[in-house]
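# Close look at the chain arrangement
Below, each chain spelled out in residue letters.
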Amino acid sequence: MMRDWFKSGQPWIWMTASTVSVSLILVFGLILLIAVRGMSHFWPKELVEFSYTERSGQASTLVAEVHDTESVAAERLRDAGFKLTGDQAFYTRMLLKTGNRDIGGQDFRWIVDQRVLQRSRPENLVAIERREWGNFYGYPQSIKEKGQVIVDGEAVALELAKRLSRVLDIYKQIHKVEKGTIGAINYGMERLRLKQRRLELDGDDTAANLQMIEQQRAHYQREYNALQTKLTALYDDTNRDVLIATIANGQVVEIPLAKMVRVYYPNRMSLSEKTGFYIAKVWEFVSDGPREANTEGGVFPAIFGTVMMVLIMSVMVTPFGVVAAVYLREYAKQGVLTRIIRIAVNNLAGVPSIVYGVFGLGFFVYFLGGNIDALFYAEAAPAPTFGTPGILWSSLTLAILTVPVVIVATEEGLSRIPKSIREGSLALGATKAETLWRTVLPMASPAIMTGLILAIARAAGEVAPLMLVGVVKLAPSLPLDTNMPYLHLDRKFMHLGFHIYDVGFQSPNVEAARPLVYATALLLVAVIVVLNLSAIAIRNHLREKYRALEQ
Amino acid sequence: MSDSQLSNNNASLFETLGPELARRRRWRVVKDYIAKYSVGIGGVSVILTIVLIFFYLLYVVLPLFYSASTESVADYPVPANDPGANTRLLALEEQNEIAVRFTADARGVFFQATSGEIINDIALPLPKGVSVTSFARGNGPTDLVAYGLSDGRALLVKHKYTLSYPNDQRLITPSIVYPLGKDAIEVDDYGRPITQLAFRDDEEGTSLVALVGGNELILTHLAKEESLLEDEISFERTVTTIADNLKSVKFMLLDKEQRNLYLADAENNVSHYDISDKQAVELLYRIPVAKSNVRITAMTFLSGELSLLIGTSVGQISQWFVVKDHFNKQKLYQVRSFELGDSAITAIAQEQRRKGFVAADERGDFGFFHTTAERKLLIASVGKAVADIALSPRGNAMLIQDQSGNLHFWKIHNEHPEVSWSSLWSKVWYESYEEPQYVWQSSSASNDFEPKLSLTPLVFGTLKGAFYAMLFAVPLAILGAIYTAYFMAPKMRRMVKPSIETMEALPTVILGFLAGLWFAPYVEDNLPGIFSLLLIMPIGVLLFAYGWQCLPRRIRQLVPDGWFAAILVPVIILIAWFSLSMSHPLELWLFDGDTRRWLSVSMGIDFDQRNALVVGFAMGFAVIPTIFSIAEDAIFSVPKHLSFGSLALGATPWQTLVHVVLLTASPGIFSAVMIGLGRAVGETMIVLMATGNTPVMDFSVFQGMRTLAANIAVEVPESEVDSTHYRVLFLAALVLFLFTFLFNTLAEIVRQRLREKYSSL
């Protein structure tokens, strides 16, 4: 029977079926992995106090979040110098986030489960997110205002929350002044400098002109000085309160409230509090800028940069892609040449993206940008304006990278439109252009949309070429702001994909950054999957529509 | 356009008169023309832009392969106030404006390089009653020269150029300075005349090797001692006799590390002394460097002073450097040689910033060469036997003195001598390497660095990565495509296909990040599990299938045909879970609890955490959807009547598939694989993140690699525009472009043929 079964070919069919299953498991497993890891990061983790016997035999107390557990062969642990009781083949070890990087030097460590003597979850353990040095974990003791103890004991929690919200309010003001007003003044000053240099280059640096510039500069300077005094006052104000807390080993530390971002008591939080916390964290992630070398905070500038770059790219790629497709399908003589062109265009979609990056860097940045600088931005020399990687060149490079996608999709759409429609329009006396504009293109518009969405999906996920033509790990300002001329095409920008690469691989503290990378990856995957699914939906809808027409 | 618009049109049509109508029609025709031409121009320009990519890459790459060229700028008699004195050294400064000649009667004469007009003629301060008996030049960038004197002393001088910009005009002021003081240094304790001299000077001290008394070679070393309190520098002087019965010394070269001394004698032998210990000099060996019927006529260092360039009386220049042999003994090897002509080589000048040199001969011919690239870049002639050559520090101008007392000033265009077919693709014997190798090492902090620009390890890495990716992806994708297209229920197919195709759009940066930060450590930890998974999976699936077959028909019919893939999902998850949880026990049982150590100790296999296995999985994952989608299309569009015919004749579905469907679809499957390969070859982010990016040539699955694409991404932002390195990276991009373009075109043509065949069936 076994033999017959093999002869029938059934086993091989099962084998081929298994490959499909494996592929499906891979796809969904991957998305699930990213989703679980990306979303769980924001959930507040409980803080555990461990009594632990160190490798040296000393007893110690640790306060930490448990991040991971795994089993290790006893052999390896013994090699590493652990004395283990019992003769198990495997022992569990845990990855702890102990925080307090400023005190301990490291905020992650592994401990062996077996050597934990006791564990507890004290309710008054506090977790504090800080502006630098990562999280703080410990027991709050008291709050000092200008060196005087104001409250201690149980009342600290309430008072701390109250005073922190005050400091955060002040911080918001400071941020507004620094980024907004002072930013604008600096920008204005820089423009004045360039204007003066321009006048000198043109030989128009007359006393009157120079005096006008000087006046404006003095005006800016006055404004700046006023703001500076205000800032100093605000900063002084934030430094009023200090929290006194003890850490696991009993050491007493002072944390100024000015250094705090968020305070919470994870072991005390109810489910609804945790949910609220989760939502706040997710909101911070998508709406805030990064902190601490991108390992904390949000990814708003990266989202903004990605969207901005993709938008500029779409504006360029759509008309050109459509025109090229219309030319190939409607105007060019169909022959060997158009066939070759079609093959070439198809193949360009398969050319490695890094090649486009190299082309963009050489041609756009150094050649075009260099010449633009020489012609129009001589006053800024030797600092390059367009002769350096920036968002414009990134968008252009990606436009070239994705133009084959738009061409192919549009052509497909055009070829699906029945000939009878064109002929009908022509027979009624419309010119070719009118036929095209009023009947063919509107009918092909869903196909164009599909092409555009696919192009956007591809552009949003592409990182390699951007690394050469304009992406940076931390951009000081967004490419769009309230300073004239609002849209700054010469600026560098941040990008979600590059953010993943940079934080995951170039970050000094990979362990701490990892959850954030998962979250960023999830965001990017979500955007791209949604874009692709919508493209597929549009395509299917389109097919249905023309099937009806052809009948 | 709406109905109201139409009626409007009609109304106006009736109301307007003839001319108005004609004008309107003309305008419509004009609009049509405008549309036609603007679409034409737009379309053609987009297509041209695409073509531009190729030509721009080519435009950047081409200068790499240009030969050098020179042009004669000026010829003039040797500028001198006393024409009798011989030139001992010619040198050009950085900007090629001013040249200097040091003469045998101890004068330093600065003159305009283009005209020979003397700017400054400085007599060096020789002690009274002492004459010049020898001369030596220092290493390039320091611009030092030394005169050996008849009283056993030596005078070190330096020619120096200061730049200033009065009235926005560049002004170069030459001067002579005395780094060790204006007084001559005592070299020989007995005051014998120095007949040959070699020296080197650096921050730590100065070494002078002098031939005195006809056959005694001494080494005088001045070690600098800076006292902390005073600014003054004092010297500790030691004198050692190297040899005291030398027969003849034709050339002496001392390297800049002040460790090695090379002597060439009249019998064509080179003796190599180790002088790193200034008090105990050792003769390492003495070997012949030329046949007995030729003579050594010139000898100098290549920049970096690791290689000797030896010119002979028959027009040959050979490069020699010290290599350690199997017994760890040093020995000079002739690495390569160049031919200028058949006359004796009279002068060799090395480039200061590259591994190139100029050699000239008795006939007046001179040639530019590059050692690493083994390139003869240019041969030209000044017409008369050449006495001396000075190459400017930037290597873009030179001054030649012929033996009849004329100077020739030449401009040189020699931008990229480092690149040749052999330096890019063949094994090259680099300085201080034991044997010829393929190496990519493009930059270093030092100026003397020999760039190693072999693309071979990068291409090797690219193909290695692609190979492992295809090894994983091809079976999965094609078998999956077969099942999906041929056996799967249509309802399931409608769900499966888009989900696998969505995977194609997954940004590779995410795959790379997961591969590098999650999968690589996981694999390292669960190596036995991963391999047992590959083994257990097929067996497990077959066992389950057989078990399924043995189930009663009633239960089997619960799952319709074509849903096998769905019921297999939990089975496969179970198998995977089982073999991965077996990993640690297996490791303990077979590999002493640590597979990684076991591999390196018992098998001698090195294990990188980020290795080809991880890349193979991750990149395979990225190409599966590409291959799957195209192959599935090809199989699915095989005309149904072919398979129906086969089935009707009694063939089983599997037989029909193998002998009819796959055969017909094979060109399509082939093109799917080609396109997948193209994608794997050009993938950047995954390789960048999931390998160690070391350009090793090792096919081991446990080692990393560096691919062309990753290399470009890493190095382009840091390379200087239009430098050789920059252009070589563009060449790498061009290679990638052509490679993928070729594969894709091939695949596309195959696919189009197939489509035509189907439509005719």
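Residues numbered from 1 in each chain as written. Chains lettered and ligands numbered in written order. Predicted model: local features only at pLDDT ≥ 70, side-chain atom pairs only at ≥ 80, totals over all residues. Heavy atoms only, no water.

## Section: the overall build of chain B
On a plain count of helices and strands, chain B comes out with 17 helices and 31 strands. Since a compact globule built from 761 residues should have a radius of gyration of about 27 Å, the 38 Å found for chain B marks it as more spread out than a globular shape. Each of the three principal axes of chain B carries a C-alpha extent, and together these read 120 × 100 × 60 Å. A burial count over chain B gives 54% of its 761 residues as buried. Here the contacts in chain B between residues at least 6 apart in sequence split such that 58% fall between residues at least 24 apart. Accessible surface computed for chain B: about 34100 Å², of which carbon and sulfur atoms make up 56%. (Helix = DSSP H or I, 4+ residues; strand = E, 2+ residues; numbered from the N terminus. Rg over C-alpha atoms; globule rule 2.2 N^0.38 Å. Buried < 20%, exposed > 50% of the residue type's maximum accessible area, 1.4 Å probe, protein only. Contact = heavy atoms within 4.5 Å. Areas by Shrake-Rupley, 256 points an atom, 1.4 Å probe, with all protein chains shown as cover.)

## Notes on helix 2 (residues 18-61) of chain B
End to end, helix 2 of chain B covers 64 Å across 44 residues, agreeing with the expected 64 Å (1.5 Å per residue, within 8%). The largest bend in helix 2 of chain B is about 30°, located at Leu52 of chain B. (Expected span 1.5 Å × (residues − 1). Bend = angle between axes of the 7 residues up to and from the residue.)

## Digging into the domain arrangement of chain A
All names here are of chain A. Domain boundaries assigned for chain A yield domain 1 (48-121), domain 2 (142-267) and domain 3 (307-550). The straight-line distance from the C-alpha centre of domain 2 to that of domain 3 is 40 Å. Opposite the nine residues of domain 2 that make contact, domain 3 presents ten residues. Regarding the contact of domain 2 and domain 3, the summed buried area is about 710 Å², with carbon and sulfur atoms giving 50% of it. When the buried surface of domain 2 facing domain 3 is broken down by residue, Tyr187, Leu194 and Arg198 rank first, second and third, together holding 59% of it. Put simply, domain 2 and domain 3 have zero salt bridges between them. Where domain 2 touches domain 3, the interface holds one residue pair in polar contact (both at pLDDT 80 or more). The residue makeup of the side of domain 2 that touches domain 3, split by class, is four nonpolar, one polar and four charged. (Domains from an automatic or database assignment. Buried area = accessible area lost by both parts, 1.4 Å probe. Salt bridge = Lys/Arg side-chain N within 4 Å of Asp/Glu carboxyl O. Polar contact = N/O pair within 3.5 Å; in protein donor to acceptor, adjacent residues only side chain to side chain. Nonpolar A, V, L, I, M, F, W, Y, C, P; charged D, E, K, R; others polar.)

## Examining the pairing of strand 9 (residues 171-177) of chain B
Residue and element names in this part refer to chain B. Taking every second residue as pointing to the same face, the buried face of strand 9 carries Ile172, Pro174 and Ile176, while none of Leu171, Thr173, Ser175 and Val177 on the other face is buried. Examined bridge by bridge, strand 8 (residues 153-164) and strand 9 share seven bridges and lie antiparallel to one another. Within strand 9, the residue paired with His159 across the bridge is Ile176. What sits between the antiparallel neighbours strand 8 and strand 9 is a turn of six residues, in which Asn167 has the positive phi angle 55°. (Pairing = 2+ DSSP bridges.)

## Things to note about a nonpolar patch on the surface
Residues and elements named next belong to chain A. A surface patch of nonpolar side chains, about 370 Å² in accessible area, is lined by Leu480, Met484, Tyr486 and Leu487. Within the secondary structure, Leu480 is located in the loop between helix 14 (466-469) and helix 15 (496-505). On the basis of relative accessible area, Leu480 is assigned to the partly exposed category, the value being 38%. (Patch = residues over 30% accessible without salt bridge, like charges linked within 9 Å, V, L, I, M, F, W, Y side chains within 5 Å.)

## Structural notes on the sheet that holds strand 1 (residues 69-77) of chain B
Residues and elements named next belong to chain B. Strand order in the open sheet formed by four strands is 1-29-28-27, with antiparallel pairing between adjacent strands. Looking at which strands have only one partner, the edges of the open sheet turn out to be strand 1 and strand 27 (386-391). Each adjacent strand pair in this sheet contributes to an overall mean axis angle of 20°, direction not counted. Judged from the five bridges that link them, strand 27 and strand 28 (residues 397-402) form a sheet pairing that is antiparallel. Note on strand 28: the bridge partner recorded for Ile389 is Ile400. (Axes fitted to C-alpha atoms, helices over the stretch in contact; angles between N-to-C directions.)

## Some details on the interface of chain A and chain B
Facing 96 residues of chain A, the contacting portion of chain B comprises 103 residues. Summed over both partners, the interface of chain A with chain B comes to about 8800 Å²; 79% of that surface belongs to carbon and sulfur atoms. When the area that chain A buries against chain B is broken down by residue, the three leading residues are Trp14, Arg76 and Phe505 of chain A, summing to 9%. Counting across the interface, chain A meets chain B through one salt bridge. Among the ionic pairs, Glu434 of chain A bridges to Arg28 of chain B, the shortest N-O distance being 2.9 Å. The interface formed by chain A and chain B contains 13 residue pairs in polar contact (both at pLDDT 80 or more). Here the element with the most residues in the side of chain A that touches chain B is helix 2 (residues 10-40) of chain A; it accounts for 23 residues. For the side of chain A that touches chain B, the per-class residue count stands at 66 nonpolar, 19 polar and eleven charged.

## With respect to the packing of aromatic side chains
Applying the stated criterion to the full structure yields 58 aromatic pairs over all chains. Aromatic side chains Tyr76 of chain B and Phe111 of chain B sit 6.4 Å apart centroid to centroid with 80° between the ring planes, which places their arrangement in the edge-to-face category. With Tyr76 of chain B in strand 1 and Phe111 of chain B in strand 4 (residues 107-112), this pair connects stretches of sequence that are 35 residues apart. The interplanar angle of 55° and the centroid separation of 5.4 Å between the aromatic rings of Phe338 of chain B and Phe369 of chain B together place this pair among those described as tilted. Residue Phe338 of chain B is found in strand 22 (residues 330-339), and its partner Phe369 of chain B is found in strand 25 (residues 365-370); the two are separated by 31 residues along the sequence. Phe369 of chain B sits in the buried class, given a relative accessible area of 0%. Cluster of aromatic residues (ring-pair linked, three or more members): Phe359, Phe363, Phe364, Tyr366, Phe367, Tyr377, Phe386 and Trp393 of chain A together with Tyr56, Tyr59, Tyr726 and Phe730 of chain B. A cation over a ring is seen here: Arg268 of chain A above Tyr265 of chain A, with NZ or CZ 4.4 Å from the ring centre. The ring of Tyr430 of chain B has Lys452 of chain B lying over it, and the distance from NZ or CZ to the ring centre is 5.4 Å. (Phe/Tyr/Trp six-rings, centres within 6.5 Å; stacked < 30°, edge-to-face > 60°. Lys NZ or Arg CZ within 6 Å of the ring centre and 35° of its normal.)

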